[in-house]
Amino acid sequence: MSVALGLTRPLVVRTTPVDDPVDLISRLPEAAPYAWIRRGEGLVAWGEAARAVVPPGPGRFGWARDWLAATLGAAHVDDGVGVPGSGPVAFGSFTFDENSPGSVLVVPRIVLARRDGRAWLTTVGGEPLDLVTAPREPGRIRYGDGSLSAPEWEHAVAGAVERIRAGRLEKAVLARDLTATADQAIDVRVLLARLSGRYPDCYTFSCDGLVGATPELLVRRTGETVESLVLAGTTPRGADEADDRRRGAALRASGKDRHEHTCAVESVRTALAPLCSELEVPGEPELLVLPNVQHLASPVTGRLAAGASVLDVVAAMHPTAAVGGTPTPVALDVIRELEGMDRGGYAGPVGWIDARGDGEWGIALRCARIDGSRARLFAGCGIMGDSVPAAELAEAQAKFRVMQYALEG
Ligand SMILES: C=C(O[C@@H]1C=C(C(=O)O)C=C[C@H]1O)C(=O)O
């Protein structure tokens, strides 16, 4: 069902406390599940009470804000829980490129959530009657090249290096895609269970066919507090503990990776500073160790100066230099010129927002677009003037492993 601005009856929303469901994913029916889960906590949802297809263009976040005000703001709400994520919630996914179609906001019919020892159920327009069937395995998976083959992509990386050395820009993030075909239609719940099991420290997400486990929190807003986790600078995991530690130390000491990381942190600082009365940015990055890669990571926190919603903050931040580059407009031109594909929702904001303006949005990384028995996987790398194409290809392969594991087990 779709809702045109101002033309429909208000949504009737009810939130009640429920017994702890423990495993959120096991409660999902098969059709089009929504999810945002980390360390077993978060929100899962299904059904559609309202959907907006956000028109592309520079005004898209403003359009989304108006739609949310008309849809969530006008709802009749009985919220017996009163925490971030209770009451009416919209899930959303925005395309990386503001001019690409495919950005959506969906108010699910049912939301089931658990956080900090509390659990709640939100219904829009009535109780859930959905049948939960057993998840189905997708069967054998065959992979193919996406828009560029591996050698073609290495050539694109070399092209970006040339442009950086010529002084046109400092950093560009280049991505590539892979296709996957399964024997059976892909049941998103199988992917969610594997992703949240192997990548508990990442945000396992599902929104309108875009499914993944991203380590990168674009922004969480809880009242006046905003938090972000900036990632840039990557090395694959080592063969054993000593190799792992050696690689981690080399990553911290690498001039190329530190410079790449600084570009990303500065883009976040520049975006957040005008919105915040206080902003804390660590002087030194820490190491985030994931099952497939290690990243340089900077947790940023701030206090919002005046009533911006989480989506207003997303609008100010996207695209950070972690997924675009520096300077942003030149990097976006280089990406369009060299990548040879539309990223769709990959590297775009994905997450949820409630009627108070609280919410959590990640950068959609380590993800795939699922369509029936097919999937399109995405992975990218920050390219600097001293990047080596073969090393960037290996880094992209390590990032693809997240969704390859989700598909194959
Ligand atoms: C672009 C991706 O990841 C981004 C690029 C990184 C890098 O180049 O070091 C690290 C983390 C992310 O900000 C991806 O996973 O596709």
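One numbering rule holds for all chains: residues counted from 1, following each sequence as written. Owing to the predicted nature of the model, reporting of local features is limited to residues with pLDDT of at least 70; listing and counting of side-chain atom pairs is limited to 80 or more, with chain, interface and lining totals taken over all residues.

Participant: Explain the overall build of the chain residue by residue, including any values.
Facilitator: Helix and strand counts for the chain come out as eight helices and 23 strands. When the backbone C-alpha atoms are referred to their principal axes, the chain occupies close to 60 × 50 × 40 Å. Long-range pairs, those at least 24 residues apart, make up 76% of the contacts in the chain with a sequence separation of at least 6. To qualify as a helix, a DSSP run of H or I must reach at least 4 residues; to qualify as a strand, a run of E must reach at least 2; elements of each kind are numbered from the N terminus. By definition, residues are in contact whenever their C-beta atoms, placed on the basis of the backbone, come within 7 Å of each other.

Participant: Provide a residue-level description of the pairing of strand S23 (residues 374-383), including the pertinent values.
Facilitator: Counting buried residues along S23, nine of its 10 residues qualify, which places the element largely inside the surrounding structure. Pairing between two strands requires that DSSP report at least two bridges joining them. Bridge count for strand S11 (residues 171-182) against S23 is 10 bridges, and the pairing is antiparallel. Residue pairing across strands places Val173 opposite Gly382, the latter belonging to S23. Here strand S22 (residues 367-371) runs beside S23; their pairing, made up of five bridges, is antiparallel. Bridging from a neighbouring strand, Arg369 pairs with Arg376 of S23. If you look at the hairpin formed by S22 and S23, you'll find two residues sitting between the two strands, and Gly372 has a positive phi there, around 65°. Exposure in this text rests on C-beta crowding, where 20 or more other C-beta atoms within 10 Å of a residue's own make it buried, 12 or fewer make it exposed, and counts in between make it partly exposed. The C-beta atoms are placed from the backbone.

Participant: Account for the environment of Leu72, naming residues and giving values.
Facilitator: Mapping Leu72 onto the fold places it in the loop between helix H1 (60-71) and strand S5 (76-79). Among the residues examined, Leu72 registers 23 C-beta atoms within 10 Å and is labelled buried. As for Leu72 and Val107, which are separated by 35 residues in sequence, their C-alpha atoms are 8.4 Å apart.

Participant: Just give me the short version of the pairing of strand S1 (residues 12-17), but keep the residues and values in it.
Facilitator: Note that S1 and S5 share four bridges and pair parallel. If you follow Arg14 over to S5, its bridge partner there is Asp78. Pairing of S1 with strand S9 (residues 118-124), which is carried by five bridges, proceeds in the antiparallel orientation. Within S9, the position partnered with Thr16 by the bridge is Leu121.

Participant: Could you give an account of the nonpolar core, naming the residues involved and the relevant values?
Facilitator: A set of buried Ala, Val, Leu, Ile, Met, Phe, Trp, Tyr and Cys residues, joined through C-beta atoms within 7 Å, is what we mean by a nonpolar core. Ranked by internal contacts, the top residues of the largest apolar core, which has 121 residues, are Ala90, Ala172, Leu174 and Ile383. Ranked by residues supplied to this core, first place goes to S11 with seven residues. Once residues within four sequence positions are removed from consideration, Leu174 is found in contact with Ala156, Val157, Ala160, Ile335, Leu338, Glu339, Gly380, Cys381 and Ile383.

Participant: So what's going on with the packing of H1 against helix H6 (residues 310-317)? Which residues, and what values?
Facilitator: Contact pair H1 / H6: the axes reach a minimum separation of 10 Å and the direction vectors enclose 175°. Between H1 and H6, the angle falls in the class roughly antiparallel. The segment H1 lies against H6, with Phe61, Ala64, Arg65 and Leu68 engaging Leu311, Asp312 and Ala315. To get an axis, a line is fitted to the C-alpha atoms, and for a helix only the part in contact is used. The angle between two axes follows their N-to-C directions and goes from 0 to 180 degrees. Small angles under 35 degrees read as roughly parallel and large ones over 145 as roughly antiparallel, with 65 to 115 read as roughly perpendicular and the rest as oblique.

Participant: Could you give an account of the UniProt feature "domain: Chorismate-utilising enzyme C-terminal" (unreviewed entry) in the chain, with specific residues and numbers?
Facilitator: Within the UniProt annotation, "domain: Chorismate-utilising enzyme C-terminal" (unreviewed entry) is assigned to residues 151-399. Between the end C-alpha atoms of residues 151-399 the distance is 18 Å, and the span holds 35% helix and 36% strand. UniProt positions are given in the numbering used here, feature names are shortened, and annotations may be inferred rather than shown by experiment.

Participant: Tell me about H1, residues and numbers included.
Facilitator: With 12 residues, H1 should reach 16 Å at 1.5 Å per residue; the first-to-last C-alpha distance of 16 Å fits that figure. All of the buried residues along H1 are Ala64, Trp67, Leu68 and Thr71. Viewed end-on, H1 has its buried residues packed into an arc of 100°, placing them on one side of the element. Tucked into the core, H1 has its buried residues touching strand S4 (50-54), strand S6 (89-93), strand S7 (103-107), H6 and strand S20 (349-354). In this analysis, the expected span of each helix is defined as 1.5 Å times one less than the number of residues it contains. Think of the arc as the fan of directions from the helix axis to the C-beta atoms.

Participant: So what about the environment of Arg401? Which residues, and what values?
Facilitator: Structurally, Arg401 can be placed in helix H8 (residues 389-408). With 17 C-beta atoms counted inside 10 Å, the residue Arg401 sits in the partly exposed group. For the pair Arg401 and Ala379, spaced 22 residues apart in sequence, the C-alpha to C-alpha distance is 9.5 Å.

Participant: Any chance you could break down the site of the ligand for me, citing the residues and the numbers?
Facilitator: Near, for a residue, is defined by distance from a backbone-placed C-beta atom to a molecule or strand, with 6 Å as the limit that must not be exceeded. Neighbouring residues of the ligand: 17 residues in total, closest Thr234, Ala322, Leu365, Gly380 and Gly382. At the level of secondary structure, the elements contributing two or more residues to the shell around the ligand comprise S11, strand S15 (225-236) and S23.

Participant: Describe the confidence of the model for the chain, naming the residues involved and giving the relevant values.
Facilitator: Scored from 0 to 100, pLDDT records how confident the predictor is in each individual residue. When pLDDT is averaged along the chain, the result is 96, and 98% of the positions lie at 70 or above. Segment residues 1-6 is flagged for pLDDT under 50; beyond a separation of four residues in sequence, or across chains, it makes 11 contacts in the model. The complex model carries a pTM of 0.97, and its ipTM stands at 0.99.

Participant: Quick rundown of unusual backbone geometry? Include the residues and the values.
Facilitator: Keep in mind that most residues, glycine aside, have a negative phi and that most peptide bonds are trans. The step from His318 to Pro319 runs through a cis peptide bond, and the omega angle for that step is -10°. Tracing the backbone through its elements, the reader meets Pro319 in the loop between H6 and strand S19 (325-326). Residue Pro327 is bonded to the preceding Thr326 through a cis peptide linkage, with omega at -10°. Considering the arrangement of structural elements, one finds Pro327 in the loop between S19 and helix H7 (328-338). You will see that Asp208, though not glycine, has its phi angle at about 55°, which is positive. Relative to the helices and strands, Asp208 resides in the loop between strand S12 (203-207) and strand S13 (210-214). The exposure class assigned to Asp208 is buried, which follows from the 22 C-beta atoms found within 10 Å. Even without glycine at this site, Arg366 takes up a positive phi of about 50°. Here Arg366 shows up in the loop between strand S21 (359-363) and S22. Judged by local crowding, Arg366 falls into the buried class, with 31 C-beta atoms found within 10 Å.

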